[in-house]
Amino acid sequence: MTQHAVARLEQLDPKRPLRVQAGSEEVILVRQGEQVHAYQADCPHAGAPLEEGVVCNGLLVCPWHKAAFAVDEGAVCEPPALADLRRYKAWVKDGEIWVDDQPLPRVGAPRHSDARCFVVIGAGAAGSAAVATLLANGFAGKLIWLDKERQPAYDRTALSKFVLAGEMPADEVPALLESDQLRQGQLERRLGKVRTLDAGKRQITLADGQRIDYDAALLATGGKPQRPAVPGTDLPGVMTLRTREDAARLLDAAEPGQPVVIVGDGFIGLEAASALRKYGAQVHVVSRHQVPLAKQLGERIGSCIRELHTRKGVVFHGPTEVTRFSGSGKVDAVELANGETLRTSLVLLGTGVKPATAFVQGVPLHADGALLVDAELRAADGLWAAGDIARFPLAGHPVRIEHWRLAQQHGVIAAANMLGQQRRYDDVPFFWTYQHGRTYEVLGHAQHWDDIVYVGQPEQGDFIALQCVGEQVVAVIAKGYSDAMALLSQRMKRPLSREQALELIG
Ligand SMILES: Cc1cc2nc3c(=O)[nH]c(=O)nc-3n(C[C@H](O)[C@H](O)[C@H](O)COP(=O)(O)OP(=O)(O)OC[C@H]3O[C@@H](n4cnc5c(N)ncnc54)[C@H](O)[C@@H]3O)c2cc1C
Ligand code: FES
C-alpha cells in the first residue's frame, strides 16, 4: 500500500507544519489555503525536525539555522541547507489528507550546451553553496572546483563544537553536498593549491604549475588563522583550528585532566573551551577583555556567557596578553603580561583569521587582505568573491563578516550572477554559537547600538535581545525563542522598529 490517509485538513495550522507517518516514511504536511504539500520531515542541513519550523511569506523556515524552503515546491531558498526538500504527492479528499509514500522524482533544470569554463576556488561554505547553485541552475559548461584540502566540503562549524568534545570523529564531520548533487553537469573536482590568480588574464596557476584559463571564477578561500607576533608562537604544541586535520591533531594532543591554554575569547576560543571541558581537559582562556564577546553581544550577555564558562570549570586569565610561549623543542608554558605563567604542553590560538588571498594579482586588496566587491559580489570582470574574504556593502557600508550562513548566502548570489543574473546581497546575516549545551543566535550585524531591549532574562534562561539604534532594530540576539527568530530572519529584510519587533515576539 503506497497511499495513506494521514490527517484531516482542519488539523493543519497554516503557520506550522504537522509531522505524520505515511507508511514507513515520516513526512511533514504544510497547508496552503485548501491545498496540502508533503515533504521530508527532517531538514536536509543537519536534521532539524521541520514541524518545529514556521511558515511565513510562502517560506518554511527551519527552526535550527534558518534555512528556508518554498512552501509550494520544497525548493531551497536560503542556506545553510543546499538541497531541496524531498517531496511526496499529497491530496485532500472529503476533508481527509492522503499522502503517497513514494517520493516524487526530482526535476533538474534543463541543461543547454555551454562552452564556458567556470572555476570555483575553495570548497568551504561559500564555494559549496556556489557549486550547488550552479549545478541546480543547469550550468552545462565545464565547472572546475578546486581546494587544497584532501577531503574538503565538510561542515567546519562542527569542529569546535563536537569534534573537540570527542563526540564526532573528525573524518565523520557531515559533508556539505550530497553525492547525487555532485553527479550533475560537468563537474570536475580537483585537489590543488592556487599559487596565483591573474584577474586580468583570467588565469589560475596551481602550486604544481598547472594552468587553468577561466571565463568566470569565484574566489572563496576563507580565512587563514593568525599567530600573535610573540616569541615561541611557532613552537610545536601551539596550534590553530580551521580544518578537520587541525581538529584531529588537537584532540590527539589533548588529555583529560591535563591543561590546555586557549588564547583568545572570541567565538572559536569559547566554543573550543566548552568542547575541551566536555572532553575532560583543564581549560584556561587567556583573554584581552574583562567580558568576552561584549563587542558583539553587549556586556550583559557577555557576562552571562563568562559566568557559564566559569561554572563549568573554565579558568579565565585577563584582561591580559601573551608575551611569550616558552619551551625547548615544544611549548611548555605560556607567559602573560600580567606576570602569570601557565604551564601546558598544548595551546590553541583563537586569535583571528586573515583572508587567504595572498595569491591574487590584478585586483586591489583591502588593508586586511580582503577583496572589495560590489553588492553583486563582483571583484573584477569575470571574478567574484564570497565568504570570509569578501568586503561587501551591507546597508551601504562595506563590511567583512566571518559567518557560515552568510558565506553560503554569498556563494548562492555570486553563482547566480556568474550565470548572468543580477542578484544583490539584501539578506540578513545570521550567526549561531554553541557553548556548554546552549545555543545563542544572532540575526543582523550591529557595529554599534545605543540601547538593548530584553524580553526574558539572559541570567535566567531563554531571552531575546533587540540591539537598537534609536527606534530601529539593527540586530537581535536570542537563546531559545525559535519561532520569533525564524520569523525575524525573514522580517528583518525590511526596516524593523522595536515596537514592531516586540509585537512579533508577542
Ligand atoms: C572551528 C570553526 C567553527 C566555526 N563555527 C561557526 C558557527 O558556529 N557559526 C558561524 O556562523 N560561523 C562559524 N565559523 C566561521 C565559518 O566557518 C566561516 O565564516 C566560513 O567557513 C567561511 O566560509 P568560506 O567559504 O569563506 O571559507 P572556508 O569555509 O574556510 O573555505 C575556504 C576553502 O578554501 C580552501 N583554500 C584556501 N586557500 C586555498 C588555495 N590557495 N588554493 C585552494 N584552496 C584554498 C580551503 O582549504 C577551504 O576549504 C566557524 C569557523 C571555524 C574555523
Ligand atoms: S538543520 Fe535546518 S538549517 Fe540547519
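These numbers come from a predicted model, not from an experiment. (Residues numbered from 1 in each chain as written. Chains lettered and ligands numbered in written order. Predicted model: local features only at pLDDT ≥ 70, side-chain atom pairs only at ≥ 80, totals over all residues. Heavy atoms only, no water.)

1. Some thoughts on the pattern of salt bridges
Alright, step 1. Scanning all chains against the criterion turns up 31 salt bridges.
Alright, step 2. A salt bridge links D427 to K493, with the nearest nitrogen and oxygen atoms 3.6 Å apart. Of this pair, D427 sits in the loop between α8 (404-418) and β34 (430-435) while K493 is found in the loop between α9 (482-491) and α10 (498-505), placing the two residues 66 residues apart along the sequence.
Alright, step 3. On the basis of relative accessibility, which here comes to 14%, the residue D427 falls in the buried class. (Salt bridge = Lys/Arg side-chain N within 4 Å of Asp/Glu carboxyl O. Helix = DSSP H or I, 4+ residues; strand = E, 2+ residues; numbered from the N terminus. Buried < 20%, exposed > 50% of the residue type's maximum accessible area, 1.4 Å probe, protein only.)

2. What to know about the side chain of K479
Alright, step 1. Among the structural elements, K479 can be located in strand β38 (residues 472-479).
Alright, step 2. Using a relative accessible area of 15% as the deciding quantity, one classes K479 as buried.
Alright, step 3. The residues contacting K479, other than those within four sequence positions of it, are R438, T439, Y440, G461, D462 and F463. (Contact = heavy atoms within 4.5 Å.)

3. A few points about the sheet that holds strand β14 (residues 194-198)
Alright, step 1. If you walk across this open sheet you meet the four strands as β16-β15-β14-β28, and the pairing is mixed. Of all strands in the sheet, those bounded by a partner on one side alone are β16 (211-213) and β28 (360-361).
Alright, step 2. One ladder, built from two bridges, connects β14 with β28; its direction is parallel. Residue pairing across strands places D198 opposite Q361, the latter belonging to β28. (Pairing = 2+ DSSP bridges.)

4. Some details on the environment of L85
Alright, step 1. Here L85 is to be found in the loop between β8 (76-78) and β9 (87-93).
Alright, step 2. When the C-alpha positions of L85 and V20 are compared, they lie 16 Å apart, and in sequence the two are 65 residues distant.
Alright, step 3. Sequence-distant contacts of L85, that is, excluding residues within four places in its chain, are made with Y39, Q40, P44, L50, L60, F69, G74 and R106.

5. Examining the sheet that holds strand β19 (residues 238-239)
Alright, step 1. The strand order across the open sheet built from five strands is β19-β26-β20-β21-β22, with neighbouring strands paired in parallel fashion. Each end of this open sheet is capped by a strand with a single partner; those strands are β19 and β22 (315-317).
Alright, step 2. Across five bridges, strand β20 (residues 259-263) lies against strand β21 (residues 282-286) in parallel orientation. Bridging across to β21, I262 finds its partner in V285.

6. Concerning the pairing of strand β17 (residues 216-219)
Alright, step 1. Covered by surrounding structure in β17 are A216 and L218 together with A217 and L219, the residues of both alternating faces.
Alright, step 2. The pairing of β17 with strand β31 (residues 383-385) spans three bridges and is classified as parallel. When the bridges of β31 are listed, L219 appears paired with A385.

7. A short note on the site of ligand 1
Alright, step 1. Around ligand 1, the structure places 31 residues, and the nearest of them are A126, D147, K161, R242 and D388.
Alright, step 2. Take K161: an N or O atom from its side chain is 2.5 Å from an oxygen atom of ligand 1.
Alright, step 3. Contact between ligand 1 and V194: a nitrogen atom at 2.9 Å from a main-chain N or O atom of the residue.
Alright, step 4. In the shell around ligand 1, the residues fall into 12 nonpolar, nine polar and 10 charged. (Near = heavy atom within 4 Å. Polar contact = N/O pair within 3.5 Å; in protein donor to acceptor, adjacent residues only side chain to side chain. Nonpolar A, V, L, I, M, F, W, Y, C, P; charged D, E, K, R; others polar.)

8. Concerning the layout of surface pockets
Alright, step 1. The calculated volume of the second largest pocket comes to roughly 920 Å³.
Alright, step 2. As for the second largest pocket, its lining consists of 32 residues, and the residues nearest its centre are A75, V76, D84, V107 and A136.
Alright, step 3. The set of elements that each furnish at least two residues to the lining of the second largest pocket consists of β8, α1 (125-136) and α3 (179-182).
Alright, step 4. The element contributing the most residues to the lining of the second largest pocket is α1, with five residues. (1 Å grid on protein atoms, 1.4 Å probe; cavity = no way out; pocket = protein on both sides within 12 Å on 5 of 7 lines; lining within 4 Å. Points joined across faces, edges and corners; volume = space filled by probe spheres on them.)

9. Overview of unusual backbone geometry
Alright, step 1. In this model, P79 is joined to P80 through a cis peptide bond whose omega is 10°.
Alright, step 2. Positionally, P80 belongs in the loop between β8 and β9.
Alright, step 3. Between G318 and the following residue, P319, the backbone shows a cis peptide bond with an omega angle of 5°.
Alright, step 4. Mapped onto the fold, P319 is located in the loop between β22 and β23 (322-326).
Alright, step 5. Although it is not a glycine, H436 sits at a positive phi angle of roughly 50°.
Alright, step 6. On the basis of relative accessible area, H436 is assigned to the buried category, the value being 15%.

10. With respect to the domain arrangement of the chain
Alright, step 1. You can read the domains of the chain as domain 1 (3-103), domain 2 (117-224 + 354-418), domain 3 (238-351) and domain 4 (446-505).
Alright, step 2. Each of domain 3 and domain 4 was reduced to a C-alpha centroid, and the two centroids are 30 Å apart.
Alright, step 3. Of the roughly 700 Å² buried between domain 3 and domain 4 on both sides combined, carbon and sulfur atoms contribute 61%.
Alright, step 4. Ranking the residues of domain 3 by area buried against domain 4 places R300, I301 and C304 at the top, with a combined share of 68%. (Domains from an automatic or database assignment. Buried area = accessible area lost by both parts, 1.4 Å probe.)

11. With respect to the state of the cysteines
Alright, step 1. Here the structure, examined in full by the defined rule, presents zero disulfides.
Alright, step 2. Left without a disulfide partner, C56 is nearest to the cysteine sulfur of C77, which lies 11 Å away.
Alright, step 3. We classify C56 as buried; its relative accessible area is 12%. (Disulfide = S-S within 2.5 Å.)

12. What to know about the environment of R491
Alright, step 1. Assignment of secondary structure puts R491 in helix α9.
Alright, step 2. Residues R491 and L504, spaced 13 residues apart in sequence, show a C-alpha to C-alpha distance of 9.4 Å.
Alright, step 3. Sequence-distant contacts of R491, defined by excluding residues within four places in its chain, comprise L496, Q500 and L504.

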